[in-house]
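# Coordinate analysis (summary)
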Amino acid sequence: MTTRLTVAQALVRFLAAQYTERDGVRQRLISATWGIFGHGNVAGLGQALVEYGDEMPFHQGRNEQSMVHAAVGYARQSNRLSTHAVTTSIGPGATNLVTGAALATVNRLPVLLLPGDIFATRVADPVLQQLEVPYAGDISVNDCLRPVSKYFDRVTRPEALIPAALQAMRVLTDPVETGAVTLALPQDVQAEAHDWPDEFFAERTWVVRRPGADPTELAEAVQAIRTAQRPLVIAGGGVHHSRAEEALAEFASATGIPVASTQAGKGSLRHDHPQDVGGVGHTGTATANELARQADLVIGVGTRYTDFTTASGTLFAADGVRFLNLNIAPYDGHKLAGAPLVADARSGLQELTGALRLHDHRVTSAYVDEYTLDKERWEQRVDACYEADEPDIRPTQPQVLGALDALVDESDVVINAAGSLPGDLHKLWRARSRDQYHLEYGYSCMGYEIPAAIGVKMAAPDRNVWALVGDGTYLMMPTEIVTAVQEGIAIKLLLIQNHGYASIGGLSETVGGERFGTAYRYQSDDGTYTGAPLPVDLAANVASLGMRVLRAKTVRDLRAALEEARAADTPTCVYVETETADTVSGAPPAQAWWDVPVAETATRPSAVKARELYERHVSTRRRHL
C-alpha cells in the first residue's frame, strides 16, 4: 500500500512517528518544529505543517540561530531523548543555522535542521539568495552546515528521503554520534509528490543503548583505582546525559573518592554531598584544583577534557599521574593517553562500584579529612562573596548570584553560556539538583541563554527557569523574548548590566591588551572606548519586547525583585546594574591557568609583562603520554 504525498508532507508524517526508548521509557523523538518561513520552505514544509498540524506542533521563532538554541535547550533538558526540528528558507535563513549547529555538535546534543535549498532541477537558476559557485553546480550555502553537522544529506529526489530520514534518526539517537543533523531540502523537491510505502509512516522506536564495559578494560580500571593513593573523579556532561548521577553518588560514597566537575558536569553530585569538591580547571575551586595537581589517578567520567578543564595542560602535575577514562565514545576514552573504559556512564559506574565493593576498597581517612577541610574553607570564601552587609548599595555580580542562591530550591534551573558569569557560577554556585545548573560552555555562545530557557521551560513546564544574561550577551540576541511573550512561556530573565564585555575585558588586561575595545562607552579622542557609559536602557528595551521588567538598584531591591519574579506566571525580567570587582570584592581569581597566547614582541609595558608571565606558565605545561 502507498500514500501519495509531497516530500515535505511525508517528512512531517515520518517525524511524527519517531520515538526513543531508554530504560523502558518511551517518548517522541521530534516533539515539535520551529520555523521561519520564506520562499525556500513556505510552500513545502510550511504547507505540510499546516496540513498535519495535529501531528506536529509548530513554534514561531524570530531568529534562525536562536531557534536552534531553543531546540538544544529542550534536548538537554530531555536527556537527549527528545528534541525539536528547525526549518528555514534558503540563503541567510539557512546560514543563520550554522552557529546553532556548531553549538549542538560541540556539546553533543541532538537537533534536526531542515533548511530549504535551491532548485534541484535548476530550472530557475540562480534563484533569489542563491550563492553561485562557478566551479561546482551542486554547492549551495547549505554546504556551510557540513562541518558542523554529524550527518548531512541533500534530498534531491523524493525517493532519497527514505534512506536520508532513517540515517538522520539513527544519528540523532546515537549517544556517541549525536549532534546537529541536517537534511537540506531543495524547494522544488519539497513540493513534489510521490507514492510512499505506508511502512515509512509506521511508528519506529529507536532504543538508546547503555553498553557495559569490556571485562578486560573493567579489570584494568579496578586495578588502577585500587592502587591509587590520591584518585580524583572529573565528572563531565556525560554523567547527566546518561542519568548517571545516582550511580556516581553511590560510587563516591562507597569509595570516598572526591568528585570535581566540569562546567557541563556540575550538579552531578549535589553541592552538599560529602565527596563533591566543586568545579575543576580554570574556573574551578581551589579545593578541586589542588586535588587535581596532586592526583595520581584522574578518573574522567563523561568528559572531553577541554583546555578549561586541564588548565591548558598544566593542572595534572603529579609525577606519574595516570588517567582512567569512562566514556561511551572511544574517541574521548583514549584522551591524555588514558586507560579507556568504553561504556555508558551509568553502566560503567555501577560495574566499577560492584567490583570495588568485592575488595572492600576505600581511600584513606586522611585523604577524606584533607579534602573535607579544604571544601569547608572554600565554602567560607563563597559565603564571603555572597554576603552583602550593606543592603542599600549596588550589588557586585557575586552578590547577585548570592541573592538568587538564597531564593531558589532544587526545582529551579539556572541557564548561562558566556561572559564573566560562567566563571563565577562554576566557582560559587551551589547546585541543588542534577539539572539545576545548565551551562553551555562547550561553545560558550553569546545569545544562547534566552532561547535555551524557552526550550528548557517547554521540556519542564513546572520548573522555574532562569536565564542569566549580561549586557553583551543580551545585545547579541534578545529577539526570542517576543516568542516567550507570544506563547506565554514564563521564563525568568536576570539581566545584569556592567557596561561592556567584562570577561574579555579582564582577559585583555592580563594578556597586555589593556581592555581595548571591550567597554560599552563613548569613544575618546585617542580612539579608545574610555568615555562615559552609553545611555542605553536595556530594561526599557526588554519592556518594549513585551516582557514585564522589575528594576533593582540595590541588594535589597534585588532580593525583592527576584522573589517577585520567581512567583510570576508570565515572562518576567529582573534588571540590575552591578559594581565592578575593583569597587567591591568580587569572585576569587582563577585557581588555574588558561592558555591565551600573548604577543611575543611588544613595546608597551603591559604586554611585555604579560609575556613574561605567559612564558612562566607555558613552562609548566606537560603532555601526558
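The text that follows walks through the structure, step by step, so that each part is easy to find.

This next bit is on the packing of aromatic side chains. All told, the structure shown has 11 aromatic pairs when counted by the stated rule. Between the aromatic rings of Tyr367 and Tyr371, the centroid separation amounts to 5.6 Å while the plane-to-plane angle is 85 degrees, which identifies the pairing as edge-to-face. In this pair, Tyr367 and Tyr371 both sit in helix α15 (residues 365-386), four residues apart, roughly one turn of the helix. Summarising the burial analysis for this pair, Tyr367 and Tyr371 share the class buried. Linked through ring pairs, Phe14, Trp196, Phe200 and Phe201 together constitute an aromatic cluster. Looking at Arg26, its charged tip hangs above the ring of Tyr19, at a distance of 3.8 Å from the centre.

Before going further, it helps to examine the sheet that holds strand β20 (residues 465-470). Here we have six strands laid out as an open sheet, ordered β19-β18-β20-β21-β23-β22, and parallel in their pairing. A strand with exactly one partner marks an edge of an open sheet, and here the two such strands are β19 (437-439) and β22 (548-552). Looking at each pair of strands side by side, their axes are set apart by 20 degrees on average, direction ignored. With three bridges connecting them, strand β18 (residues 413-416) and β19 associate as parallel partners. Each bridged residue has a counterpart across the sheet, and for Asn416 the counterpart in β19 is Leu439.

As a further point, take the sheet that holds strand β12 (residues 231-235). Spatially, six strands are ordered β14-β13-β12-β15-β16-β17 in an open sheet, and the strand pairing comes out parallel. What marks the edges here is a single partner per strand, and that holds for β14 (276-279) and β17 (339-342). Neighbour to neighbour, the strand axes of the sheet diverge by 20 degrees on average, direction disregarded. Pairing of strand β13 (residues 259-261) with β14 involves two bridges; the strand directions are parallel.

Okay, the environment of Arg204 next. Relative to the helices and strands, Arg204 resides in strand β11 (residues 204-207). On the accessibility criterion, Arg204 (27% relative accessible area) is partly exposed. Counting along the chain gives 142 residues from Arg204 to Arg346, while the straight-line C-alpha distance between them is 25 Å. Not counting residues within four places of it along the chain, the set of residues in contact with Arg204 comprises Phe14, Ala17, Gln18, Tyr19, Leu166 and Glu199.

Our next topic: the environment of Val222. Positionally, Val222 belongs in helix α8 (residues 215-227). Of the residues examined, Val222 reaches a relative accessible area of 7% and is grouped as buried. Along the sequence, Val222 and Thr353 sit 131 residues apart, while their C-alpha atoms lie 9.1 Å from each other. In this structure Val222 touches Leu352, Ala355, Leu356 and His359, once residues within four positions along its chain are discounted.

Attention now moves to the pairing of strand β10 (residues 193-197). Residues of β10 alternate between two faces, with His194 and Trp196 buried on one and Ala193, Asp195 and Pro197 left unburied on the opposite face. Where strand β1 (residues 2-6) lies against β10, five bridges are found, and the strand directions are antiparallel. Each bridged residue has a counterpart across the sheet, and for Arg4 the counterpart in β10 is Asp195.

With that out of the way, let us pick up the side chain of Ser268. Along the chain, Ser268 falls in the loop between β13 and β14. A residue is classified by how much of its surface remains accessible, and Ser268, at 5% relative accessible area, is buried. Within the structure, Ser268 has its side chain in polar contact with the backbone oxygen of Gly265 (distance 2.5 Å). Once residues within four sequence positions are removed from consideration, Ser268 is found in contact with Ala235, Gly236, Val239, His240, Glu245 and Leu248.

Compared with the 20 Å implied by 1.5 Å per residue over 14 residues, the 20 Å span of helix α3 (residues 64-77) between its first and last C-alpha is a close match. Counting buried positions along α3 gives 14 out of 14 residues, so the element sits mostly inside the fold.

What follows covers the environment of Val618. Following the sequence through the fold, Val618 ends up in helix α24 (residues 605-618). Once the C-alpha coordinates of Val618 and Ser312 are considered, the two residues, 306 residues apart in sequence, prove to be 9.0 Å apart.

Below, the discussion takes up unusual backbone geometry. Asp125 connects to Pro126 through a cis peptide bond whose omega is 5 degrees. Among the structural elements, Pro126 can be located in the loop between β7 (111-117) and β8 (151-154). Of note in this structure, Ser444 is not a glycine but carries a positive phi near 45 degrees. Counting through the fold element by element, Ser444 comes out in the loop between β19 and α18 (449-459). The backbone phi angle of His499 is positive, close to 65 degrees, even though this residue is not glycine.

Conventions adopted
Residues numbered from 1 in each chain as written. Predicted model: local features only at pLDDT ≥ 70, side-chain atom pairs only at ≥ 80, totals over all residues. Heavy atoms only, no water. Phe/Tyr/Trp six-rings, centres within 6.5 Å; stacked < 30°, edge-to-face > 60°. Helix = DSSP H or I, 4+ residues; strand = E, 2+ residues; numbered from the N terminus. Buried < 20%, exposed > 50% of the residue type's maximum accessible area, 1.4 Å probe, protein only. Lys NZ or Arg CZ within 6 Å of the ring centre and 35° of its normal. Pairing = 2+ DSSP bridges. Axes fitted to C-alpha atoms, helices over the stretch in contact; angles between N-to-C directions. Contact = heavy atoms within 4.5 Å. Polar contact = N/O pair within 3.5 Å; in protein donor to acceptor, adjacent residues only side chain to side chain. Expected span 1.5 Å × (residues − 1).

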